[in-house]
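Structure assessment
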Amino acid sequence: MITIRWEIREPPLAPTALAAQGECAVALARRLLGRAEADFPEVSAAATTGTLLLLGDTDSLPWVDGGIYLGTAPGSGELLLPTSLVPSLPEELLASALAYQFPELAAPLALLPSAQIVLPAGGARPLSRTLLELWLSAEEAR
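Along each chain, numbering runs from 1 in the same order as the chain's sequence is written. Under the rules for a predicted model, residues below a pLDDT of 70 receive no local features and side-chain atom pairs below 80 are neither given nor counted, while totals for whole chains, interfaces and linings still include all residues. The side-chain quantities take in all heavy atoms of the structure and omit both hydrogens and water.

A pair of strands is labelled paired if DSSP reports no fewer than 2 bridges between them. Runs of E in the DSSP output that reach at least two residues are strands. Runs of H or I that reach at least four are helices, and both are numbered from the N terminus. Spatially, eight strands are ordered E9-E8-E6-E5-E2-E4-E3-E10 in an open sheet, and the strand pairing comes out mixed. One side of each edge strand has no neighbouring strand; the edge strands of this open sheet are strand E9 (117-120) and strand E10 (125-126). With five bridges joining them, strand E2 (residues 17-21) and strand E4 (residues 51-55) adopt antiparallel strand pairing. Within E4, the residue paired with Leu18 across the bridge is Leu54. Running over the sheet, helix H1 (residues 22-33) touches E2 and E4 and is turned about 115° from E2. The criterion used for residue contact is that any of the two residues' heavy atoms lie within 4.5 Å. Note on geometry: axes are C-alpha line fits, over the in-contact stretch for helices, and angles between N-to-C directions span 0 to 180 degrees.

This is how it looks when you write it as structure tokens:
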């Protein structure tokens, strides 16, 4: 097992995704559902129990307190990393290792080091109110 250390990335990556977990994800879903149709973001989304992942251009990603913005690692279009962090391993090697360890997950893979979670972003679909309501309903039932 190799330990990965994380350091501050300067300059940060341009955000192309937003990950929210737990209460942060629930708050994000509620806030998005409260928006008028014209203000609903045109982004793609992937979700797991307790986690929402939104993908889109920088200007389309909403802000949420506690959210983690992710960007595409240079030289590795298959890996989304926190915009302000750089791993101690070469990003291409990290992307290959994750793809090998999780072959069933659709790339690109989003890595949330603080929670030690790898999320498949390749299965993201356009965000809709219906899907967001279904996810939120399941979360509130837990």
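Alright, that's what it looks like, and here's the rest.
Attention shifts here to helix H3 (residues 129-141). Multiplying one less than the number of residues by 1.5 Å gives the expected span of a helix. When the terminal C-alpha atoms of H3 are compared, their 18 Å separation across 13 residues agrees well with the 18 Å that a helix rising 1.5 Å per residue should span. Only protein chains enter the area calculation, which uses a 1.4 Å probe; residues under 20% of their type maximum are buried, those over 50% are exposed, and those in between are partly exposed. Listed in full, the buried residues belonging to H3 are Arg129, Leu132, Trp135, Leu136 and Glu139. One side of H3 holds all its buried residues, which, seen down the axis, span an arc of 130°. Exposed side of H3, more than 90 degrees from the buried face: Leu134 and Ala141 are the residues found there. The inward-facing, buried residues of H3 abut H1, strand E3 (44-48) and E4. For this quantity, the arc is that covered by the directions from the helix axis to the C-beta atoms.

So, to be careful, I would describe these as geometric facts and stop short of saying anything about function.
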